[in-house]
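Each chain, written out:
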Amino acid sequence: MELFDKVANILEVFKTNRSSNGLICAHCQSHDVIRYGTYNKKQRYKCKICKKTFTDFTNSPLNMCHFPNKWPEFVKCTIKGLSLRESARLLKVSYVTLFYWRHKLLIALKNIKNTEFIGLVEVADIFLPYSLKGQKGIDNRESRKCGRKYKYLLGEKVCVLTATDESKNIASRATLNLGFNKRCVNDAIGHLVTEKNTLLFSQKPAYSSFCRDKKISFYHSSNKGCNINSGRNYLNNFLNWMLRFKGIASKYTNNYLSWYKFNSKINFDDTFTGVIKLINAMSCEYISEINSSISKQKLQTA
Ligand SMILES: [Zn+2]
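About the criteria used
- Residues numbered from 1 in each chain as written.
- Predicted model: local features only at pLDDT ≥ 70, side-chain atom pairs only at ≥ 80, totals over all residues.
- Heavy atoms only, no water.
- Helix = DSSP H or I, 4+ residues; strand = E, 2+ residues; numbered from the N terminus.
- Buried < 20%, exposed > 50% of the residue type's maximum accessible area, 1.4 Å probe, protein only.
- Contact = heavy atoms within 4.5 Å.
- Areas by Shrake-Rupley, 256 points an atom, 1.4 Å probe, with all protein chains shown as cover.
- Donors = N, O, S within 2.8 Å, 3.2 Å for Na, K, Ca; no water.
- Tetrahedral: all angles 85-135°; square planar, octahedral: opposite > 155°, others 65-115°.
- Pairing = 2+ DSSP bridges.
- Salt bridge = Lys/Arg side-chain N within 4 Å of Asp/Glu carboxyl O.
- Core = buried A, V, L, I, M, F, W, Y, C linked by side-chain atoms within 4.5 Å.
- Domains from an automatic or database assignment.
- Expected span 1.5 Å × (residues − 1).
- Polar contact = N/O pair within 3.5 Å; in protein donor to acceptor, adjacent residues only side chain to side chain.
- Disulfide = S-S within 2.5 Å.

Engineer: Please clarify how the overall build of the protein should be interpreted in this entry.
Structural biologist: Across its full length, the protein carries 10 helices and 8 strands. Buried positions account for 47% of the 302 residues belonging to the protein. Across the protein, every contact between residues at least 6 apart in sequence was considered, and the portion connecting residues at least 24 apart equals 64%. Total accessible area on the protein stands at roughly 16600 Å², and carbon and sulfur atoms take up 51% of it.

So, in structure tokens, the structure goes:
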């Protein structure tokens, strides 16, 4: 615990990071803001553009949080990949509170923008069974009877697509697969690739069609000397890491992908260095989700 005394005042970390490039409005990102008294002993500001007031924690995972100083230890539990029950025992905070903390943290990580890909981009995918875990009033639906040929292309599957480039830049995204098509590919990586890139993927019409639309050159992994090992390894490692959670609701897949991606980036470092990196990253993101909207979250249908 002593290790985290250094970031015990997480509120100060947020305050410093959020104003590092000049104070901006937490609602509309305008720079036209003024100090506007205090609220709950915290500095309050007012935006001259949208007229709303805010503090250093508005639209952050720490908004309305009763125990902000438990966050560094919570972040450590998160990097370690501890279950919410284990974390709740350690932190002496309720499971339900931590459920919302975790999702707010993951949403902040999901908001971190990807940089555009450089050079050759490998694209790999997996299809996972759709899961309604945790959803009240719905029993696991019987899986649809599909012909063997279409086992992974029809019915309720979640497609997880991962792209990696020469500089180890990674993007991954899950879409509800109701027919894997070029729109799924476009949603996942369309904003990250340009005509300067070349794509490498297994032979699927959705990818070729996406590339033709975007005028991007491509190779199939079936060509001699081409393989998509790094994307596949990444996805396999992700699946292995996910085993600890004993199944998650599909609607949260993208949150877990962002979590895994950040963890890989900091090499699963749960010491002070890793914890502060994660706190710094999340403090710079603005999220609008509150407890009620998190429980209603939906996985995007492509
Ligand atoms: Zn504003």
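Engineer: It is not clear to me how the coordination of the zinc ion should be interpreted in this structure. Could you clarify?
Structural biologist: By definition of the ideal shapes, four donors in a tetrahedron about a metal sit 109.5 degrees apart, and six donors in an octahedron sit 90 or 180 degrees apart. Looking at the metal site, the zinc ion is ligated by Cys25 (SG), Cys28 (SG), Cys47 (SG) and Cys50 (SG), spaced 2.2 to 2.4 Å from it. If you look at the zinc ion, its 4 donor atoms make angles of 104 to 121° with each other, and the shape they trace is tetrahedral. All donors to the zinc ion come from one chain, and their sequence spacing reads C-x2-C-x18-C-x2-C. A relative accessible area of 33% places Cys28 in the partly exposed class.

Engineer: Whenever I open this one, the sheet that holds strand S3 (residues 53-54) confuses me. Can you help?
Structural biologist: Hydrogen bonding along the main chain pairs the strands of a sheet, whether they run parallel or antiparallel. Across the sheet, which stays open at both edges, the 3 strands sit in the order S1-S2-S3 with antiparallel pairing between neighbours. This sheet does not close on itself; its edge strands, each paired only once, are strand S1 (33-39) and S3.

Engineer: How should I be thinking about the pattern of salt bridges in this particular structure?
Structural biologist: A pair can form between side chains of opposite charge whenever their charged atoms are brought close. One pass over the structure, following the stated rule, counts 2 salt bridges. The shortest N-O distance in the salt bridge between Lys204 and Asp125 comes to 2.8 Å. Linking Lys204 in the loop between strand S7 (198-201) and helix H6 (205-214) with Asp125 in strand S4 (residues 120-129), this pair joins segments that are 79 residues apart in sequence. Note that Asp213 is salt-bridged to Lys182, the shortest N-O span being 2.9 Å. You can see Asp213 sitting in helix H6 and its partner Lys182 sitting in helix H5 (residues 182-189), a full 31 residues away along the chain.

Engineer: Got a minute to help me understand the environment of Leu239 in this structure?
Structural biologist: Mapped onto the elements, Leu239 comes out in helix H7 (residues 229-242). With 21 residues separating them along the chain, Leu239 and Tyr260 place their C-alpha atoms 9.9 Å apart. Ignoring anything within four residues of it in the chain, the contact list for Leu239 reads Ile126 and Leu128.

Engineer: Quick question: what am I supposed to make of the nonpolar core here?
Structural biologist: Buried together is how nonpolar side chains tend to be arranged in soluble globular proteins. By size, the foremost hydrophobic cluster in this structure holds 54 residues, and its most contacted members are Trp71, Leu98, Trp241, Tyr256, Ile279 and Met282. Considering each element in turn, this core owes the most residues, 9 residues, to helix H4 (residues 95-111). Among the domains, domain 1 (1-11 + 68-111 + 266-302) and domain 2 (120-245) are the pair contributing at least three residues each to this core. Ignoring any residue separated from it by four or fewer positions in sequence, one finds Tyr256 in contact with Leu106, Phe238, Trp241, Met242, Phe245 and Ile248. Counting 22 residues, the second largest nonpolar core, distinct from the first, contains Phe180, Leu192, Leu199 and Tyr207.

Engineer: Got a minute to help me understand unusual backbone geometry in this structure?
Structural biologist: The phi torsion of most residues other than glycine is negative, and most of the peptide bonds are trans. The backbone of Asn59 shows a phi angle near 55°, a positive value even though the residue is not glycine. Along the chain, Asn59 falls in the loop between S3 and helix H2 (71-80). Look at Lys215: it is not a glycine, yet its phi comes out positive at around 55°. Among the structural elements, Lys215 can be located in the loop between H6 and strand S8 (217-220).

Engineer: Whenever I open this one, H6 confuses me. Can you help?
Structural biologist: The complete set of buried residues in H6 reads Ala206, Tyr207, Ser208, Phe210 and Cys211. On its buried face, H6 sits against S4, strand S5 (157-165), H5, S7 and S8.

Engineer: Explain helix H8 (residues 253-265) here, please?
Structural biologist: Because the α-helix completes a turn every 3.6 residues, residues three or four places apart line up on one side. With 13 residues, H8 should reach 18 Å at 1.5 Å per residue; the first-to-last C-alpha distance of 18 Å fits that figure. Most of H8 sits out of view: 10 of its 13 residues are buried. By the burial criterion, the buried members of H8 are Thr253, Asn254, Asn255, Tyr256, Leu257, Ser258, Trp259, Tyr260, Phe262 and Asn263. Trailing H8 by a residue or two, Asn267 shows a phi angle of about 55°, which is positive.

Engineer: Where do I start with the side chain of Glu122 in this structure?
Structural biologist: As for its position among the elements, Glu122 is in strand S4. Here the side chain of Glu122 touches Ser230 through a polar contact of 2.9 Å, side chain to side chain. Apart from the residues within four sequence positions on either side, Glu122 is in contact with Thr162, Ala163, Thr164, Leu200, Asn227, Ile228, Asn229, Ser230 and Gly231.

Engineer: Teacher, can you tell me more about the pairing of S4 here?
Structural biologist: Of all 10 residues that make up S4, 7 are buried, and the element is covered over most of its length. The sheet contact formed by S4 and S7 spans 3 bridges and is parallel. Residue pairing in the sheet places Val121 in a bridge with Leu199 of S7. For S4 and S5, the ladder comprises 9 bridges, and the chain directions are antiparallel. Directly across from Asp125, in S5, lies its bridge partner Leu161.

Engineer: Honestly, the state of the cysteines in this entry has me stumped. Any pointers?
Structural biologist: Working definition: the covalent bond between the sulfur atoms of two cysteines is a disulfide. Scanning the model with the defined rule gives 0 disulfides in all. Note on Cys159: no disulfide assigned, nearest cysteine sulfur contributed by Cys184 at a separation of 6.0 Å.

Nothing here speaks to function; it is all geometry.
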